[in-house]
Amino acid sequence: MKVLVIGGGAREHALCRSLSLDPDVTALHCAPGNAGIAEVAQLHAVDAMDGAAVARLATELEARLVVVGPEAPLVAGVADAVRGAGIACFGPSAEAARLEGSKAFAKDVMAAAGVPTGRSYVCTTPEEIDTALDAFGAPFVVKDDGLAAGKGVVVTDDIAAAREHALACGRVVIEEFLDGPEVSLFAVTDGRTVLPLRPAQDFKRALDGDEGPNTGGMGAYSPLPWADPKLVDEVMETVLQPTVDELRRRGTPFAGLLYAGLAITGRGVRVIEFNARFGDPETQVVLARLRTPLAGVLLAAAEGRLADQPSLAWRDDAAVTVVVASHNYPGTPRTGDPIEGLADVVAQDAPHAYVLHAGTRLADDGSTVLSAGGRVLSVTATGKDLGQARERAYAAVDRIRLDGSQHRTDIAREAAEA
């Protein structure tokens with residue numbers, strides 16, 4: 001089949017890498033893509049937010065399947081436009097994508113479905129904000145109701161900082177702090193059948209020891225040796241299936257990738273948030289472990305045939321990904337710096353370690369890869385256990401040279417040493 005992937009980050013590079021290894025994929029395209037994706041897919045210039053333009057491109061390419069990677073195009077209805085052109089699309093409708101596009105909507109769905117989550121208030125005025133902050137106390141959890149590229153959440157003991165963020169958001173969700181380790185669990189669904197993937201854990205804070213500001217994610221690992229073996233079954237029963245059932249009951253079935261961000265609290269599993277797409281950087285490690293060819297699974301979900309899909313097959317290997325970010329990230333990043341050492345990783349670390357591009361572009365002469373965003377690269381490695389995967393990932397990171405770059409040095413360390 002011919003497949004078109006929409007997006008240009010490390011998540012899309014991970015998707016394209018897996019699709020390029022699928023023998024059923026005869027042609028792979030990506031729009032707009034990045035310098036790394038160009039090595040495995042043909043790139044096209046398109047506005048990922050323009051549903052009509054994406055649908056036209058998919059039609060011209062005679063794509064059998066379109067995979068929409070980022071959340072903003074999904075919330076904007078790009079998947080609807082593609083389906084309207086008669087092409088199968090992996091990604092929820094704009095209505096269903098509100099599960100990520102509005103924290104308040106997600107809370108409403110969870111309440112109706114009986115999904116366990118933290119208590120919360122939806123606030124639109126300073127008075128409501130003050131009441132909610134007083135009700136919960138520190139640590140304060142303040143979330144922009146809308147999309148914020150992974151950086152709309154503030155967790156702080158400083159009530160002034162919490163209030164400042166809340167006032168800047170307009171409509172905001174303030175909720176109780178959920179203690180315990182966090183887990184990301186993805187599930188592929190066609191709106192009725194739900195097929196869970198393997199859990200992962202990501203690292204949101206910019207600095208080692210979970211210090212510093214929130215980011216889009218600085219690394220991830222899978223599997224989780226400390227997690228209850230029954231965790232996936234429990235989340236399927238209490239979170240994923242009830243949510244999919246509730247959205248179908250409302251007449252807005254969710255077909256695509258449902259991502260549950262979870263806290264394993266002393267009172268049990270609680271949902272922190274839902275996303276309507278593959279997460280970044282968790283996708284990098286989850287797909288590194290998936291043995292089943294990806295295209296057929298995504299197409300079955302897009303065409304409503306997931307009940308016929310065999311159980312997914314997984315590699316026993318562990319996987320770790322480390323994000324290399326630009327100078328000053330998650331503030332305004334410095335871009336345009338040359339990236340060196342990528343060929344060294346290919347020569348010395350493949351196939352166990354490889355680089356997935358996030359914010360990169362080719363120089364005008366095509367000779368050099370340049371930084372073009374905050375999170376620049378995801379260096380991903382596999383191994384017989386987390387210790388070996390982690391060692392391989394950091395060995396590859398050490399070969400990369402990007403002036404002013406930063407990365408965390410403790411991704412998966414605690415889990416590997418446990």
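Residues numbered from 1 in each chain as written. Predicted model: local features only at pLDDT ≥ 70, side-chain atom pairs only at ≥ 80, totals over all residues. Heavy atoms only, no water.

Secondary structure assignment for the protein yields 14 helices and 23 strands. For the protein, the C-alpha radius of gyration of 20 Å lies close to 22 Å, the compact-globule estimate for 418 residues. With the C-alpha coordinates aligned to their principal axes, the bounding extent of the protein is approximately 55 × 45 × 40 Å. Expressed as a percentage of its 418 residues, the buried residues of the protein come to 57%. Excluding contacts between residues fewer than 6 apart, the proportion of contacts in the protein whose partners are at least 24 apart in sequence is 69%. When the accessible surface of the protein is split by element, carbon and sulfur atoms take 48% of a total near 16600 Å². (Helix = DSSP H or I, 4+ residues; strand = E, 2+ residues; numbered from the N terminus. Rg over C-alpha atoms; globule rule 2.2 N^0.38 Å. Buried < 20%, exposed > 50% of the residue type's maximum accessible area, 1.4 Å probe, protein only. Contact = heavy atoms within 4.5 Å. Areas by Shrake-Rupley, 256 points an atom, 1.4 Å probe, with all protein chains shown as cover.)

On to the sheet that holds strand β18 (residues 318-325). As summarised here, the arrangement of the five strands in space is β12-β15-β18-β23-β20, forming an open sheet in which the pairing is antiparallel. Among the strands making up the open sheet, the edge pair consists of β12 (201-202) and β20 (353-357). As paired elements, β12 and strand β15 (residues 219-222) share two bridges and run antiparallel to each other. In the sheet register, Asp202 faces β15, and the bridge partner there is Ala220. (Pairing = 2+ DSSP bridges.)

This paragraph deals with the packing of aromatic side chains. Here the structure, examined in full by the defined rule, presents five aromatic pairs. Note on Phe90 and Phe278: the rings are 6.1 Å apart at their centroids and 35 degrees apart in plane angle, and the pair reads as tilted. Linking Phe90 in strand β5 (residues 88-90) with Phe278 in the loop between β17 (268-275) and α10 (282-289), this pair joins segments that are 188 residues apart in sequence. For the ring pair Phe203 and Tyr221, a centre distance of 6.1 Å and an interplane angle of 45 degrees mean the geometry is tilted. A residue pair is termed long-range when its members are at least 10 positions apart, and Phe203 in the loop between β12 and β13 (205-207) and Tyr221 in strand β15 qualify at 18 residues. Members of the aromatic cluster, connected to one another through ring pairs, are Phe90, Phe186, Tyr259 and Phe278. In this structure, Arg17 packs its charged tip against the face of Tyr354, placed 3.6 Å from the ring centre. (Phe/Tyr/Trp six-rings, centres within 6.5 Å; stacked < 30°, edge-to-face > 60°. Lys NZ or Arg CZ within 6 Å of the ring centre and 35° of its normal.)

We now examine the sheet that holds strand β21 (residues 360-362). Picture the strands of a sheet paired through backbone hydrogen bonds; they go either parallel or antiparallel. Strand order across the open sheet formed by three strands is β19-β22-β21, with antiparallel pairing between neighbours. A strand with exactly one partner marks an edge of an open sheet, and here the two such strands are β19 (338-339) and β21. As defined by bridge partners, β21 adjoins strand β22 (residues 369-371) across three bridges and the pair is classed as antiparallel. Looking at β22, one finds that Thr360 is bridged to Ser371.

What follows covers the pairing of strand β7 (residues 140-144). β7 sits mainly inside the fold: five of its five residues count as buried. Alternating positions in β7 separate into two faces, Phe140, Val142 and Asp144 on one and Val141 and Lys143 on the other, with burial throughout. Strand direction decides the pairing type here: β7 and strand β8 (residues 153-156), joined by four bridges, are antiparallel. Pairing of Val141 across the sheet is with Val155, part of β8.

What follows deals with the nonpolar core. Proteins that are soluble and globular tend to have nonpolar side chains buried together. Within the largest apolar cluster, 77 residues are counted, with the highest numbers of intra-cluster contacts made by Leu4, Val66, Leu99, Leu240, Phe274 and Val320. Ranked by the residues each element gives to this core, the list is headed by helix α9 (residues 231-249), at eight residues. Once residues lying within four places of it in the same chain are set aside, the contact partners of Val66 are Leu4, Ile6, Ala58, Val82, Ile87, Ala88, Cys89 and Phe90. By size, the runner-up hydrophobic cluster in this structure holds 45 residues, among which are Cys30, Val67, Phe278 and Leu294. (Core = buried A, V, L, I, M, F, W, Y, C linked by side-chain atoms within 4.5 Å.)

Before going further, it helps to examine helix α11 (residues 294-302). Among the nine residues in α11, seven count as buried, and that is most of the element. Buried within α11 we find Leu294, Ala295, Val297, Leu298, Leu299, Ala300 and Ala301. Taken from the residues just after α11, Gly304 is the one with a positive phi, measuring 75 degrees.

This part takes up the packing of helix α6 (residues 103-113) against α9. Taken N-terminus to C-terminus, the directions of α6 and α9 make an angle of 100 degrees; their axes are 9 Å apart at the nearest point. Comparing their axes, α9 and α6 come out roughly perpendicular. Where α6 approaches α9, its residues Phe105, Val109, Ala112 and Ala113 are matched on the opposing element by Pro242, Thr243, Glu246 and Leu247. Grouping the amino acids of the contact of α6 with α9 by side-chain chemistry returns six nonpolar, one polar and one charged. (Axes fitted to C-alpha atoms, helices over the stretch in contact; angles between N-to-C directions. Parallel < 35°, antiparallel > 145°, perpendicular 65-115°, else oblique. Nonpolar A, V, L, I, M, F, W, Y, C, P; charged D, E, K, R; others polar.)

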